[in-house]
Amino acid sequence: MKDTQNLEDRLESITQPNDSKYFTKKNVNTNSPKPRLRVVDAIVVIIGVVVGAGIFRTSSIVAANTGSSELFLGVWVLGGVISLIGAMCYAELSTAFPNTGGDYHFLHRAFGRRFAFLFAWARMSIIQTGSIALLAFIVGDYMSELYRVGAFSSSIYAALVVIGLTCVNVIGVHVGTGAQKLFVCLQFIGLLVLVIAGFLFVPENNVSTALEPVSSGITPAIGGAMVMVLLTFGGWNEAGYISAEMRGGSKKMALVMIASILIITAIYILINLAYLNVLGIEGLASSEAVGVETMRVVMGETGVFFIGLLVILASLTSTNATIFTGARTNHALGRDFPIFSFMRTWKSETSTPVNALLVQGAIAVLLIIVGSFARSGFESMVDFTAPIFWFFILCTGLSLFVLRYREPDAPRPFKVPLYPVLPIIFCLTSLYLLYSSLMFAGKGAWLGVGVLLLGMVFFFFIPKLKKKV
């Protein structure tokens, strides 16, 4: 009898993500995510999250830390390989345990309710909202170069971007993904122009040494280069949050994630080849605005205006995709914890977590206001989010091992090849990036840690508060 009860409890834990003693009929939301996303929709969302303004900022830092064209291109290829390994780890988790909670759901199954809450708290207050704020700051910085609207011009533009795109996603999933397709399409056209201009329209008097090794004046530091490369590749894990909304079932998530990483890697290699062809490795390493300088050489001041618009568009694309995926965790938090039940609302007509989107937007705007008083709003948000982001990426990688052990019989349409070697590589890489982000980031990193610890304290009051709900 006891064995039968244990089996029933195990089956319940596999089929239902919520702890039974906290999951009651009163808390069940009859509206749930519907499978409305096609493979192309999901790929567009992931590419939009990853290929943002980072490629216009990090390439010069990577060049300064490599020292030759071969190493420079090599670390970008290596970054693609490591990201592909991570994507395969997430593909196994997403196909085996599809849920709009993404990482939250995986961590819940592997490490329990308390740890899952801690992640959801961090994502709501630090990771996702901080990422939205820093992307919006990029738009604000470039828009302010075109037309300033006061002393806090960048922050005003950033806040308007967050409010506007949040409203777009509240209207409905089709509007949100439709906007994403438009942004990505325009972004691809702009990047194609950049690549073609870099390869074909270089003035003859610009002598490039891009494809030759350079040894003078630049000291290789592969570790620092890889940190920036993998930060530029960051965001592909967002696919886990849309696995339950895929048409044809979650088994297509493996195709989505692998195809997305391959396309992103190809885009980054082509863009960096264009940079090298125009500026050379030394010019690239000394540049503070590589995209601007590339287009200035090729097209003059018209090119500078063009690249400004392209950076704005890339940032809008990433911001919209991050808003789209980020609210899914807030929805899961509201579904599983009664004190946050107001966020569990899912509007079935538009297939959107309305309240979760509104809460996310409000916190992002608050972070923008806080960032307004820092030396650089963008850099303060990077410091604020990076350590917490890599900590939970590491924990999600570890959850793959835990769930393989705890739930060996769970259907897995896709399994990571060369297990456990590839997942170990992914976890070690994440651990290194966690260390780097803590050691080299500013005070904002420790502020993020403080907010995370606040979530740990806050959690212990939830059972008491729950009784009053």
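The structure displayed is predicted, hence computed values, not measured ones.

### Comments concerning the nonpolar core
Turning to step 1, where the next piece is worked out: Counting 136 residues, the largest nonpolar core has Phe-56, Phe-72, Trp-76, Trp-236, Tyr-268 and Phe-392 as the members making the most contacts within it.
Turning to step 2, where the next piece is worked out: Leave out the neighbours within four places in its chain, and Trp-76 touches Ile-55, Thr-58, Ser-59, Val-62, Val-229, Thr-232, Phe-233, Tyr-268, Ile-269 and Asn-272.

### Overview of the environment of Val-161
Turning to step 1, where the next piece is worked out: Its location among the elements puts Val-161 in helix α7 (residues 153-171).
Turning to step 2, where the next piece is worked out: Relative accessible area serves as the criterion here: at 13%, Val-161 is assigned to the buried category.
Turning to step 3, where the next piece is worked out: As a C-alpha pair, Val-161 and Gly-140 span 21 residues in sequence and 8.4 Å in three-dimensional space.
Turning to step 4, where the next piece is worked out: Filtering out sequence-adjacent residues up to four positions away, Val-161 remains in contact with Ala-136, Val-139, Leu-316 and Thr-319.

### Here we look at the packing of aromatic side chains
Turning to step 1, where the next piece is worked out: Within the structure shown, the criterion is met by 14 aromatic pairs.
Turning to step 2, where the next piece is worked out: Ring plane angle 70° and centroid distance 6.5 Å describe the contact between Phe-72 and Trp-76, whose orientation is recorded as edge-to-face. Here the residue Phe-72 and the residue Trp-76 both occupy positions in helix α4 (residues 69-96), the gap between them amounting to four residues, near one helical turn.
Turning to step 3, where the next piece is worked out: Of the residues examined, Phe-72 reaches a relative accessible area of 0% and is grouped as buried.
Turning to step 4, where the next piece is worked out: Given the relative accessible area of 0%, Trp-76 is considered buried.
Turning to step 5, where the next piece is worked out: An angle of 75° between the planes, with centres 5.0 Å apart, marks the rings of Phe-233 and Tyr-268 as edge-to-face. Taken as a pair, Phe-233 in helix α9 (residues 222-233) and Tyr-268 in helix α10 (residues 253-286) lie far apart in primary sequence, 35 residues in all. For the pair Phe-233 and Tyr-268, a shared accessibility class is recorded, and that class is buried.
Turning to step 6, where the next piece is worked out: Every member of this aromatic cluster is reached through a ring pair, and the members are Phe-111, Phe-115, Phe-119, Phe-391 and Phe-392.

### With respect to helix α13 (residues 354-371)
Turning to step 1, where the next piece is worked out: Across its 18 residues, α13 extends 26 Å between first and last C-alpha, which sits within 8% of the 26 Å expected from 1.5 Å per residue.
Turning to step 2, where the next piece is worked out: Of the residues making up α13, those classed as buried are Val-354, Ala-356, Leu-357, Gln-360, Gly-361, Ala-364, Val-365, Leu-367, Ile-368 and Gly-371. Taken end-on, α13 shows its buried residues confined to a sector of 165°, consistent with a single buried face.

### Digging into the pattern of salt bridges
Turning to step 1, where the next piece is worked out: Scanning all chains against the criterion turns up four salt bridges.
Turning to step 2, where the next piece is worked out: Salt-bridge contacts for Arg-296 lead to Glu-301; the nearest nitrogen and oxygen are separated by 3.2 Å.
Turning to step 3, where the next piece is worked out: Residue classification places Arg-296 among the partly exposed residues on the basis of a relative accessible area of 39%.
Turning to step 4, where the next piece is worked out: Overlapping salt bridges bring together Glu-92, Arg-404 and Arg-412 as one network.

### A look at the confidence of the model for the chain
Turning to step 1, where the next piece is worked out: For the chain, mean pLDDT is 78; residues scoring 70 or higher make up 79% of the total.
Turning to step 2, where the next piece is worked out: The element-level mean pLDDT for the chain is lowest in helix α1 (residues 2-15), coming to 36, with α4 highest at 91.
Turning to step 3, where the next piece is worked out: Low pLDDT (under 50) marks residues 1-30, which in the prediction has 30 contacts with non-local residues, meaning those over four places away or in another chain.
Turning to step 4, where the next piece is worked out: Low pLDDT, under 50, characterises residues 464-469; the predicted model gives this stretch five contacts beyond four residues in sequence or across chains.

### Some remarks on the side chain of Asn-272
Turning to step 1, where the next piece is worked out: Relative to the assigned elements, Asn-272 resides in helix α10.
Turning to step 2, where the next piece is worked out: Among the polar contacts made by the side chain of Asn-272, one reaches the side chain of Ser-59 at a distance of 2.7 Å.
Turning to step 3, where the next piece is worked out: When residues no more than four places from it in sequence are discounted, the contact partners of Asn-272 are Ile-55, Ser-59, Phe-72, Leu-73 and Trp-76.

Calculation notes
For every chain, the first residue of the written sequence is number 1, and numbering continues from 1 onward in sequence order. Predicted model: local features are reported for residues with pLDDT of at least 70 only, side-chain atom pairs are reported and counted for 80 or more only, and whole-chain, interface and lining totals are derived from all residues. Excluding hydrogens and water, the side-chain figures rest on all heavy atoms present in the structure. The criterion is simple. A nonpolar core is a set of buried Ala, Val, Leu, Ile, Met, Phe, Trp, Tyr and Cys residues joined through side-chain atoms within 4.5 Å. Whether a residue is buried, partly exposed or exposed follows from its accessible area with a 1.4 Å probe, protein chains only, as a fraction of its type maximum: under 20%, in between, or over 50%, in that order. Between two residues, a contact is recorded if the distance between any of their heavy atoms is within 4.5 Å. Think of it this way: any DSSP run of H or I at least four residues long counts as a helix, any run of E at least two long counts as a strand, and we number them from the N terminus. Pairs were defined over the aromatic rings of Phe, Tyr and Trp, the Trp ring being its six-membered one, requiring ring centres within 6.5 Å. Orientation was assigned from the angle between planes: stacked under 30 degrees, edge-to-face over 60, tilted for the rest. Expected helix span is computed as 1.5 Å times (number of residues minus one). Picture the helix axis, draw a direction to every C-beta atom, and the arc is the one those directions span. When a carboxyl oxygen of Asp or Glu lies within 4 Å of a side-chain nitrogen of Lys or Arg, that pair is called a salt bridge. The predictor rates its confidence in each residue with pLDDT, a number between 0 and 100. In protein, a polar contact means a hydrogen-donor-capable atom and an acceptor-capable atom, both N or O and within 3.5 Å, with residues adjacent in sequence counting only if both atoms are side-chain atoms; elsewhere, any N or O pair within 3.5 Å suffices.

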